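The residues making up each chain are set out below.
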Amino acid sequence: MPPAVLTLNRRGLADTVGFAHLECQIEAIVQRIAAQDGAKLERILEDNSVAAGDRWRMAIAPHDDYAYAGLMYPLALRNVAASVVVIFGVAHKARQLGLEDQLIFDSFTHWAGPYGDIPVSPLRERVMNTLPEGSYRVSDQMQSIEHSVEAKLPFLQHYNRAVQFVPILVPPMSLARMNELASQLARAIALIMDEERLEWGSDLALVSSTDAVHYGDEGWGGKNFAVYGADAGGYAKALAHERQILLDCFDGDLRPDKIERFTRYTLANHDHREYKWTWCGRYSVPFGLLTAWHVQQLRGALPLAGIVLGYTTSLEDQRIKVDDLAGMGVTATATLRHWVGYAAVGFR
């Protein structure tokens, strides 16, 4: 009997303006970041005793336009060098599709990448087969319109042409539900790692996708996110608030109380579906960190230690030129009345 032929089910692109989708684009962007900020990147890594061969077991990286977030991508992702990367994405339009309280997988075999199609790892099916009923659903519709996973792939593929990944979107859910599902997912991942003798960091890594604060009083669907005011003074106060979140929640040993603290910063007290402080990754970040912490506990691994590698905003002067790269550009304005923050965090 001839071997079964795998039917290619390829996810297309959600964003061809903010992100690279051609080899020439990502090559140029990596070169421009290196030329503009390469010395800064090396200094940051050296100051934090991060060697080229170090491997993040967990990382937090942005998903906004490369023109704005620039250096934060390689800061977070260069040391994500595992063969398989589990990416926890935001489900920006989950409410419109009535999705919550379940993890969202896809059924695509490959996603588009600048160097060719990127395979979804077979670990996805093994994980889903291990998870209890009701903990997840498959929605190619949600995965197709969501950009937060897609943003990472050109950089990950640039660093490793053979990379495979597992995309998981995290829609609205309470902290208690996050912890329940993260524990279940961690058990599935730890079981597969034990069976396949996978090394955490070199064979498998976890990444949460998020942009930091979305700030201002213009262009946010009629909502006012300018908690401290939409002027230079408000900008400075918002940055101080952001720095406090990074230090309180991500710096040093990863612990459940720090993860809970992040949700207290970002989720409204009266309703976890609402923002208190507008990080779009208010679910993907704590869920990814909880999953990592549970994997650590299950495998008796060394405690995860977080390093806040960098932070910038769409207003800072690190912008990368992209408008000469086959249709790339920016997808939103950047003013004191409408700006976004970006963080890069690695966990050894």
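Residues numbered from 1 in each chain as written. Predicted model: local features only at pLDDT ≥ 70, side-chain atom pairs only at ≥ 80, totals over all residues. Heavy atoms only, no water.

J.: When you look at helix α4 (residues 123-130) in this model, what are you seeing that I'm missing?
T.: Each full turn of the α-helix corresponds to 3.6 residues, which orients residues three or four apart in the same direction. Where α4 is concerned, the buried positions are Leu123, Arg124, Val127 and Met128. In an axial view of α4, the angular spread of the buried residues amounts to 135°, which keeps them on one side of the axis. Looking at the buried side of α4, the elements it contacts are β3 (84-90), β4 (103-105), β7 (136-138), β8 (164-170), α7 (175-196) and β9 (204-209). (Buried < 20%, exposed > 50% of the residue type's maximum accessible area, 1.4 Å probe, protein only. Helix = DSSP H or I, 4+ residues; strand = E, 2+ residues; numbered from the N terminus. Arc of directions from axis to C-beta. Contact = heavy atoms within 4.5 Å.)

J.: Honestly, the pattern of salt bridges in this entry has me stumped. Any pointers?
T.: One side chain can pair with another of opposite charge once the charged atoms of both are near each other. By the definition in use, this model includes 21 salt bridges. Notably, a salt bridge pairs Arg299 with Asp194, separated by 3.1 Å at the nearest N-O pair. A residue pair is termed long-range when its members are at least 10 positions apart, and Arg299 in helix α10 (residues 284-299) and Asp194 in helix α7 qualify at 105 residues. Two residues, Arg337 and Asp217, come together in a salt bridge whose shortest N-O distance is 2.7 Å. Of this pair, Arg337 sits in the loop between β12 (305-313) and β13 (338-347) while Asp217 sits in the loop between β10 (214-216) and α8 (232-249); the two residues are 120 residues apart in sequence, bridging distant segments of the chain. The exposure class of Arg337 is partly exposed, given its relative accessible area of 36%. Classification of Asp217 as partly exposed rests on a relative accessible area of 30%. Through salt bridges with shared partners, a single ionic network connects Glu100, Asp271 and Arg273. (Salt bridge = Lys/Arg side-chain N within 4 Å of Asp/Glu carboxyl O.)

J.: Hey, could you run me through the packing of α8 against helix α9 (residues 256-266) in this one?
T.: Each pair of packed helices can be summarised by the angle the axes make with each other and by the distance between the axes. The N-to-C vectors of α8 and α9 enclose an angle of 155°; their axes lie 9 Å apart at closest approach. Judged on the interaxial angle alone, α9 and α8 are roughly antiparallel. Between α8 and α9, the contacting residues are His241, Gln244, Ile245, Asp248 and Cys249 on the first element and Lys258, Arg261, Phe262 and Tyr265 on the second. Taken together, the residues of the contact of α8 with α9 break down into four nonpolar, two polar and three charged. (Axes fitted to C-alpha atoms, helices over the stretch in contact; angles between N-to-C directions. Parallel < 35°, antiparallel > 145°, perpendicular 65-115°, else oblique. Nonpolar A, V, L, I, M, F, W, Y, C, P; charged D, E, K, R; others polar.)

J.: Help me understand the nonpolar core in this model?
T.: One recurring pattern in soluble globular proteins: nonpolar side chains tend to sit buried together. The biggest cluster of nonpolar side chains holds 60 residues, and the ones touching the most others in it are Ile29, Tyr66, Leu75, Leu77, Val80 and Phe155. Among the elements that line this core, the one with the most residues is helix α1 (residues 23-47), at eight residues. When near neighbours in sequence (up to four residues on either side) are disregarded, Val80 contacts Trp56, Ala59, Val85, Leu156, Ala205 and Val207. (Core = buried A, V, L, I, M, F, W, Y, C linked by side-chain atoms within 4.5 Å.)

J.: What is the right way to look at the side chain of Arg282 in this model?
T.: Residue position: Arg282 is located in the loop between α9 and α10. Of the side chains with opposite charge, Glu274 lies nearest to the buried Arg282, which makes no salt bridge, at 6.3 Å. Separated by 3.0 Å, the side chain of Arg282 and the backbone oxygen of Arg273 make a polar contact. Among the polar contacts made by the side chain of Arg282, one reaches the side chain of Tyr283 at a distance of 3.4 Å. Excluding anything up to four places from it in sequence, Arg282 contacts Met178, Phe262, Thr266, Leu267, His272, Arg273, Glu274 and Tyr275. (Lys, Arg positive; Asp, Glu negative; His and termini not counted. Polar contact = N/O pair within 3.5 Å; in protein donor to acceptor, adjacent residues only side chain to side chain.)

J.: Explain unusual backbone geometry to me, please; I cannot follow it from the model alone.
T.: Phi at Ser49 takes a positive value of approximately 55°, unusual for a residue other than glycine. You can see Ser49 is positioned in the loop between α1 and β2 (58-61). Classification of Ser49 as exposed rests on a relative accessible area of 57%.

J.: Explain the sheet that holds strand β6 (residues 118-119) to me, please; I cannot follow it from the model alone.
T.: Backbone hydrogen bonds hold the strands of a sheet together, and the pairing may be parallel or antiparallel. Across the sheet, three strands lie side by side as β1-β5-β6; this open sheet has mixed pairing. Of all strands in the sheet, those with a lone pairing partner are β1 (10-11) and β6, marking the two edges. Two strands pair when backbone bridges link them, and strand β5 (residues 110-111) and β6 are joined in this way by two bridges, in the antiparallel orientation. Looking at the pairing, His110 lines up with Pro119 of β6. (Pairing = 2+ DSSP bridges.)

J.: Explain the packing of aromatic side chains to me, please; I cannot follow it from the model alone.
T.: Both the distance between ring centres and the angle between the ring planes are used here to describe each pair of aromatic rings. On inspection of all chains with the given rule, the structure shows 16 aromatic pairs. An angle of 35° between the planes, with centres 5.4 Å apart, marks the rings of Phe19 and Tyr66 as tilted. Residue Phe19 is located in the loop between β1 and α1, and its partner Tyr66 is located in helix α2 (residues 66-69); the two are separated by 47 residues in the primary sequence. Tyr66 gets classed as buried once you look at its relative accessible area, which sits at 1%. Geometrically, the ring pair formed by Phe105 and Tyr136 is edge-to-face, given 5.5 Å between the ring centres and 80° between the ring planes. Placement of the pair is Phe105 in strand β4 and Tyr136 in strand β7, with a sequence separation of 31 residues. A relative accessible area of 0% places Phe105 in the buried class. Residue Tyr136 is classed as partly exposed on the basis of its relative accessible area, which comes to 24%. An aromatic cluster is present here, built from Tyr215, Tyr228, Tyr235, Trp277 and Trp339 joined pairwise through their rings. Lying over the aromatic face of Trp111, Arg11 brings its terminal NZ or CZ to 4.1 Å of the ring centre. In this structure, Arg161 packs its charged tip against the face of Tyr115, placed 3.8 Å from the ring centre. (Phe/Tyr/Trp six-rings, centres within 6.5 Å; stacked < 30°, edge-to-face > 60°. Lys NZ or Arg CZ within 6 Å of the ring centre and 35° of its normal.)

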